[in-house]
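Each chain, written out:
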Protein chains: 2
Amino acid sequence: MTEFIPAGTRYVELPSPFVFKRGGELRGGRMAYETWGRLNAAGDNAILILTGLSPNAHAASHADNPEAGWWEAMLGPGKPIDTARWFVICVNSLGSCKGSSGPASINPGTGQPWRLDFPELSIEDGARAAHAVVRALGIERLACVIGCSMGGMAALAYLLLHPGSARSHINVSGSARALPFSIAIRSLQREAIRLDPNWNGGHYDEQRYPETGMRIARKLGVVTYRSAMEWDGRFGRVKLDSECREDDPFGLEFEVERYLEGHARRFARYFDPNCYLYLSRSMDWFDVAEYGEGDVMKGLAKIRVERALSIGVETDILFPLQQQEQVAEGLRAGGADSEFLPLPSPQGHDAFLVDIARFGPAIERFLTRIYAEQRG
Amino acid sequence: MTEFIPAGTRYVELPSPFVFKRGGELRGGRMAYETWGRLNAAGDNAILILTGLSPNAHAASHADNPEAGWWEAMLGPGKPIDTARWFVICVNSLGSCKGSSGPASINPGTGQPWRLDFPELSIEDGARAAHAVVRALGIERLACVIGCSMGGMAALAYLLLHPGSARSHINVSGSARALPFSIAIRSLQREAIRLDPNWNGGHYDEQRYPETGMRIARKLGVVTYRSAMEWDGRFGRVKLDSECREDDPFGLEFEVERYLEGHARRFARYFDPNCYLYLSRSMDWFDVAEYGEGDVMKGLAKIRVERALSIGVETDILFPLQQQEQVAEGLRAGGADSEFLPLPSPQGHDAFLVDIARFGPAIERFLTRIYAEQRG
């Protein structure tokens, strides 16, 4: 999958061995990351971004890679995360396939890809690996850790495992634990991949590749990342022109089907199936209650940041709004000046990627405030 | 699939040829049905029940088959649909595999199962076939047509195609047209079946059977038939005992996964995959706007019934509540005394099958009223 690592990606070697939460270890592991802006002399203007399941570290364009990143409208000089002001780091998650060590990378012990011999991955392992990057860059304390979706879970783990490591936190469409509806969806996505005969217990290659399973998993993902309300307005019951239809009685007929098909085609060969399984499962396992004697709120209340913002949208069915409210309340219970900000975006879980008109000002306001406080 | 036709099922021969809306015809077709109660001398106490995608005609136990039916708590002497009072007919949908003609039944022209040579099925074809059963039983005008889910669509088609055929109508978690989220879910279910190599263009048998595709389709169905809210309370993050877990790193771990697995196992071999494809597609095609020059409300307003009730639940993501509201408003525009009744059931689309405490009294009240008016 090396062809999908963005130009300008940089690397940090992980401590070796890097021991995993559930057992197992990695020797010679590495983390991919990119940065924007400059670390100031005091070293107190750094922001870490932790991503959702599939993005790489290329959140936005920069001198070494002018291609637009996955959060291009959010990140850059004069943008909501203003890189004229902040030194911003985005890491590719541990277990992913965009440069960081994961099931698709080479196990130095065998010279072959790890595949399912990669240690069982927890959200906490990803958080510790991201912390290693921050420390390698000479940063003692982040101004802010921002986590989106799965990254929202990873950010909470980061703060729990590394007390004092950040002044503030923005949790974007995240949650403190996976709930059964989301577990069911992800379990079904994983099953679609595993049931594909070409998955073959993780031993596929480019020729025999679980394309079918990945297509189903991605389509189910897209269905749950967006919202019915948005699609009513966007697609309605519009049908494809007859010349676009396949000669197949059950082939594509509605615009919404073509939209899903486009997503599935782009994704199936772009993300490694074993990495997908590992990262997906890590979300199901994550539960802040483990840090609070079985109580999520107690776990969240152990986090110490000065200021926090938890944002979500009403139409999110995968990380529903009450989960962002819970995060805000839990951080408040821990002493943070903590704000819960529900947004009326129609785009569902993915809104933070596309509804910059709503998410941008919210994030900008928060960061402007902590910048002013810091400059005091 | 003949072993899955309930005992006591009766049959009506369809007019031959039976011509389909989109072309094609059936010779020697038949409809399976069951009845409860007795038709009175005036012939004005008959109720027709049109089902969702998968049920058979066995809505409740009766003398010829004491086994509990799929709406057992709703239907029987003294129950909300009181068979001491009403003569109730439930049909197995045209295109299904529980006795009525469908892709799994024998094409008399070839002596082989129809498979994909079965004519393209529309909701309207099912409505016309149900009407043929009602007429064969000597009923000129129904006291009420009740349609649940897909049957709610079929009931609207029944009333549009057969003006004056019913005094009243209860639409249960139905809709006047499919919206893109529901189309996307069903398209994905069909794709999972079609991508299973054992589906083989519809030419499977008991040995080479698209079990994988059916499992995925069913699990996705169950996920969308229920609600996240219900599952939070019901499953939470409860895990299986370790002895119940498989020796598989991605195997079942949470209770919610076992629940889905149980549903998938029960369903995969119980319903014919080609029939599933046909019925599923017919829902995507259905659009009352075709009867109203492109306007759903105008189409609904063409329906003439004296009294109507449209019921739904707030947690339904597949047939969302605004669709039941639209049905109620459209029927009111057509002159009916039409009530929209939103219920707070937590069980999602499937609530009408399980939340009898809420649905029962609503249906009973409506039927009691039309009974009194009729006797009045």
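For chain A, the name recorded in an unreviewed UniProt entry is Serine O-succinyltransferase, with Arenimonas fontis as its organism. Quoted straight from UniProt, the Pathway (unreviewed entry) entry for chain A says "Amino-acid biosynthesis; L-cysteine biosynthesis; L-cysteine from L-serine: step 1/2." For the record of chain A, the UniProt heading Sequence similarities (unreviewed entry) holds the text "Belongs to the AB hydrolase superfamily. MetX family."

(A) View of the UniProt feature "active site" (unreviewed entry) in chain A. Residue and element names in this part refer to chain A. In this structure's numbering, the residues bearing the UniProt feature "active site" (unreviewed entry) are Ser-149, Asp-316 and His-349. On the basis of their most widely separated C-alpha atoms, the annotated residues across 201 residues gather in one place, lying no more than 10.8 Å apart. One can find Ser-149 in the loop between β11 (142-148) and α2 (150-161). Ignoring any residue separated from it by four or fewer positions in sequence, one finds Ser-149 in contact with Gly-52, Val-172, Ser-173, Gly-174, Phe-319, His-349 and Phe-352. The residue Asp-316 is located in the loop between β13 (307-313) and α9 (321-333) in this model. Within the structure, the side chain of Asp-316 is placed 2.9 Å from the backbone nitrogen of Leu-318, a separation counted as a polar contact.

(B) Geometry of the domain arrangement of chain A. All names here are of chain A. Along its sequence, chain A is carved into domain 1 (2-178 + 287-375) and domain 2 (183-277). Taking only C-alpha atoms, the centre of domain 1 and the centre of domain 2 are 26 Å apart. Counting residues at the interface gives 23 residues for domain 1 and 23 residues for domain 2. In this assembly, domain 1 packs against domain 2 so that about 2100 Å² is buried in total across both faces, 64% of it on carbon and sulfur atoms. Of all residues in domain 1, the largest losses of buried area upon contact with domain 2 belong to Leu-53, Arg-115 and Leu-318, amounting jointly to 26% of the total for that side. Counting the contacts that link domain 1 with domain 2 gives one salt bridge. Between Arg-226 and Asp-350 there is a salt bridge, and its shortest N-O distance comes to 3.8 Å. On inspection of domain 1 and its partner domain 2, the count reaches seven residue pairs in polar contact (both at pLDDT 80 or more). For the side of domain 1 that touches domain 2, the class distribution of residues is twelve nonpolar, eight polar and three charged.

Rules used in this analysis
- Residues numbered from 1 in each chain as written.
- Chains lettered and ligands numbered in written order.
- Predicted model: local features only at pLDDT ≥ 70, side-chain atom pairs only at ≥ 80, totals over all residues.
- Heavy atoms only, no water.
- UniProt positions renumbered as here; feature names shortened; annotations may be inferred.
- Helix = DSSP H or I, 4+ residues; strand = E, 2+ residues; numbered from the N terminus.
- Contact = heavy atoms within 4.5 Å.
- Polar contact = N/O pair within 3.5 Å; in protein donor to acceptor, adjacent residues only side chain to side chain.
- Domains from an automatic or database assignment.
- Buried area = accessible area lost by both parts, 1.4 Å probe.
- Salt bridge = Lys/Arg side-chain N within 4 Å of Asp/Glu carboxyl O.
- Nonpolar A, V, L, I, M, F, W, Y, C, P; charged D, E, K, R; others polar.

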